[in-house]
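Next come the chains, spelled out residue by residue.
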Amino acid sequence: MYIPLLDWRRNKHHLWIASAIEFLCVQAAGCCCSLVDCMPFIFGAVRDHMKLLIQRVEILRNDPESNEDNNYEELVQCIMDHKLILE
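Residues numbered from 1 in each chain as written. Predicted model: local features only at pLDDT ≥ 70, side-chain atom pairs only at ≥ 80, totals over all residues. Heavy atoms only, no water.

(A) Quick peek at helix α1 (residues 12-58). Spanning 47 residues, α1 covers 67 Å between terminal C-alpha atoms, matching the ideal 69 Å at 1.5 Å per step. Remark: the principal bend of α1, roughly 40 degrees, maps to Cys38, with a proline, Pro40, within the next four residues. Along α1, the residues classified as buried are His14, Ala18, Gly44, His49 and Leu53. Of the surrounding elements, those touching the buried residues of α1 are α2 (68-86). With a side-chain oxygen positioned 3.3 Å from the backbone nitrogen of His13, the residue opening α1 is Asn11. (Helix = DSSP H or I, 4+ residues; strand = E, 2+ residues; numbered from the N terminus. Expected span 1.5 Å × (residues − 1). Bend = angle between axes of the 7 residues up to and from the residue. Buried < 20%, exposed > 50% of the residue type's maximum accessible area, 1.4 Å probe, protein only. Contact = heavy atoms within 4.5 Å. Polar contact = N/O pair within 3.5 Å; in protein donor to acceptor, adjacent residues only side chain to side chain.)

(B) The arrangement of the pattern of salt bridges in detail. This structure, assessed with the given rule, holds one salt bridge. Asp81 is the partner of Arg56 in a salt bridge, and the nearest nitrogen-oxygen pair spans 2.6 Å. Taken as a pair, Arg56 in helix α1 and Asp81 in helix α2 lie far apart in primary sequence, 25 residues in all. (Salt bridge = Lys/Arg side-chain N within 4 Å of Asp/Glu carboxyl O.)

(C) Summary view of the side chain of His49. Along the chain, His49 turns up in helix α1. For His49, a relative accessible area of 13% corresponds to the buried category. Here His49 is in contact with His82 and Ile85, once residues within four sequence places are set aside.

(D) Region of interest: the environment of Leu53. Inspection of the secondary structure puts Leu53 in helix α1. For the pair Leu53 and Asp81, spaced 28 residues apart in the sequence, the C-alpha separation amounts to 9.0 Å. Discounting residues that sit within four places of it in the chain, Leu53 has contacts with Cys78 and His82.

(E) Focus on the side chain of Asn71. Position of Asn71 relative to the elements: it lies in helix α2. We classify Asn71 as buried; its relative accessible area is 8%. For Asn71, the residues in contact, after removing those within four places along its chain, are Arg61 and Ser66.

Below, the structure written as structure tokens:
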């Protein structure tokens, strides 16, 4: 990698600085590439989780034999599961 203000052949100090700059650039490029590769999986997992949560919330309070305490417990369990998955 060419850095106009640093001549790595001049001394070891310039060599170490140039090497560190090149290392950081390569690390940043690697992070960007891995993020681009992982994003579809992350968004897919979040989207699927949200679909399941929506389905679960939609069926709350549909059982006529269930009382308010049971409905409340189911809602609390939904929220706890949602928090657990997001962590």
